[in-house]
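Take a look at the letters that make up each chain.
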Amino acid sequence: MKNIKTYLEDVGTEEALVKIFESLTEAVKKISVAVRTANTGKVGTMNSYGEEQVALDVFSNNIMIEELKKNSMVGLIASEELPDEEKIGDGEFALAFDPLDGSSLVDVNFSVGTIVGVYKTKSFIGVKGDDQLAAMAAVYGPRTTIFITVKKGVARFMLNEEGEFMLEKDNIEIGEGKYFAPGNLRACADRPAYLELVNYWIKEKYTLRYSGGMVPDINHILSKGSGIFAYPGHKDELDGKLRLLFECAPMSLIMEQAGGASSDGKIRILEKILLKLEQRTPIFIGSKEEVARCKDTLK
Ligand code: AHG
Ligand code: MN
Ligand code: MN
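Residues numbered from 1 in each chain as written. Chains lettered and ligands numbered in written order. Predicted model: local features only at pLDDT ≥ 70, side-chain atom pairs only at ≥ 80, totals over all residues. Heavy atoms only, no water.

## So, the pairing of strand β15 (residues 283–286)
Point 1. The two faces of β15 match: Ile283 and Ile285 on one face and Phe284 and Gly286 on the other face are all buried.
Point 2. Two elements, strand β13 (residues 228–231) and β15, share 4 bridges in a ladder whose sense is antiparallel. Bridge assignment links Ile228 to a residue of β15, and that residue is Gly286. (Buried < 20%, exposed > 50% of the residue type's maximum accessible area, 1.4 Å probe, protein only. Helix = DSSP H or I, 4+ residues; strand = E, 2+ residues; numbered from the N terminus. Pairing = 2+ DSSP bridges.)

Quick look at the structure:
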């Protein structure tokens with residue numbers, strides 16, 4: 001049984017990046033404890049998206065920053081819970097993260113996650129997802145698991161009793177299969193093409209796997225090896241809700257590294273240039289044929 005460090009060394013990861021993952025896994029361990037035990041109340045502040053922050057958003061964000069500040073390899077950070085990018089050290093690595101995706105689901109005891117994209121850059125403005133050197137998505141469910149990629153495929157790890165992340169599966173491969181996670185179904189009201197797409201999945205007897213959290217929903221695709229997650233835009237929110245830098249780019253790198261696809265309906269998510277930190281994008285991510293179907297039906 002391999003731990004995450006051994007895995008990273010075995011696939012030939014540069015030492016500095018191994019150290020980055022040491023900090024990230026420390027943060028994930030602490031967030032997983034916080035998610036299980038901490039107060040979930042509203043803190044009365046808004047993030048840059050006008051979304052009310054819950055105590056756990058702020059707490060998870062602080063855990064991430066605290067861990068990353070201890071790491072001399074880190075220079076720049078950007079977070080869904082911070083208004084601007086921030087230089088926190090002199091290292092060459094730059095990390096963009098959503099410390100707690102789906103925080104409003106903690107109260108009802110649904111799964112939530114942490115998403116991280118790793119770059120080497122002096123500013124995130126102008127980067128594209130393809131510039132990422134690595135990505136991570138952690139799921140806090142009955143178990144704490146993480147998917148990571150250092151652009152040498154994708155591996156899944158589980159946090160064990162001793163507080164170590166042990167390899168469960170590497171070389172994860174996405175094929176074709178009938179699971180669908182249709183986000184933003186409200187869009188059906190003004191986009192008949194999306195209703196048509198959803199009807200196709202229903203008529204073709206796909207299995208619905210939708211939790212309301214992007215990380216667990218995509219985690220399902222990566223764990224079962226097939227499926228589609230969609231979050232289109234609609235009349236009032238043309239680009240949907242999900243953020244390119246903090247959510248879509250890292251998840252797309254993981255999906256493509258596993259042989260799946262990810263598109264905004266026109267181009268690969270990973271080719272989209274970041275013009276502002278809070279940029280949103282529609283997303284269709286999962287099995288290649290399903291992503292192609294989304295593009296065809298919605299064009
Ligand atoms: P946040 O980081 O603000 O908690 O975002 C959660 C996201 C994502 O996980 C999920 O797919 C989406 O919000 C669901 O949003 P709606 O229920 O509003 O469509
Ligand atoms: Mn989020
Ligand atoms: Mn969040």
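## Let's talk about the coordination of the manganese ion (ligand 3)
Point 1. In the first shell of the manganese ion (ligand 3), the protein supplies Glu80 (OE), Asp98 (OD) and Leu100 (O), at 2.3 to 2.6 Å from the metal.
Point 2. Written as a sequence motif, the donor residues of the manganese ion (ligand 3) are E-x17-D-x1-L.
Point 3. The distance between the manganese ion (ligand 3) and the manganese ion (ligand 2) comes to 3.5 Å, with Glu80 serving as a donor to both metals. Residue Glu80 is found in the loop between β3 (74–79) and β4 (86–87), and its partner Asp98 is found in strand β5 (residues 93–101); the two are separated by 18 residues along the sequence. (Donors = N, O, S within 2.8 Å, 3.2 Å for Na, K, Ca; no water.)

## Digging into the site of ligand 1
Point 1. Residues in close proximity to ligand 1 total 17 residues, the closest being Asp101, Gly102, Arg186, Met214 and Tyr231.
Point 2. With respect to ligand 1, the side chain of Glu80 contributes an N or O atom lying 3.0 Å from an oxygen atom.
Point 3. The side chain of Asp98 places a nitrogen or oxygen atom 3.2 Å from an oxygen atom of ligand 1.
Point 4. Across the complex, the protein chains shield 82% of the 480 Å² of accessible surface that ligand 1 would expose by itself.
Point 5. Looking at the shell around ligand 1, the elements that each hand over two or more residues are β5 and β13.
Point 6. Looking at which element gives the most residues to the shell around ligand 1, the answer is β5, with 3 residues. (Near = heavy atom within 4 Å. Polar contact = N/O pair within 3.5 Å; in protein donor to acceptor, adjacent residues only side chain to side chain. Areas by Shrake-Rupley, 256 points an atom, 1.4 Å probe, with all protein chains shown as cover.)

## What to know about the coordination of the manganese ion (ligand 2)
Point 1. Distances from the manganese ion (ligand 2) to its protein donors, Glu80 (OE), Asp98 (OD), Asp101 (OD) and Glu247 (OE), fall within 1.9 to 2.7 Å.
Point 2. In terms of primary sequence, the donors binding the manganese ion (ligand 2) are separated according to E-x17-D-x2-D-x145-E.
Point 3. According to the relative accessible area criterion, Asp101 is buried, its value standing at 7%.

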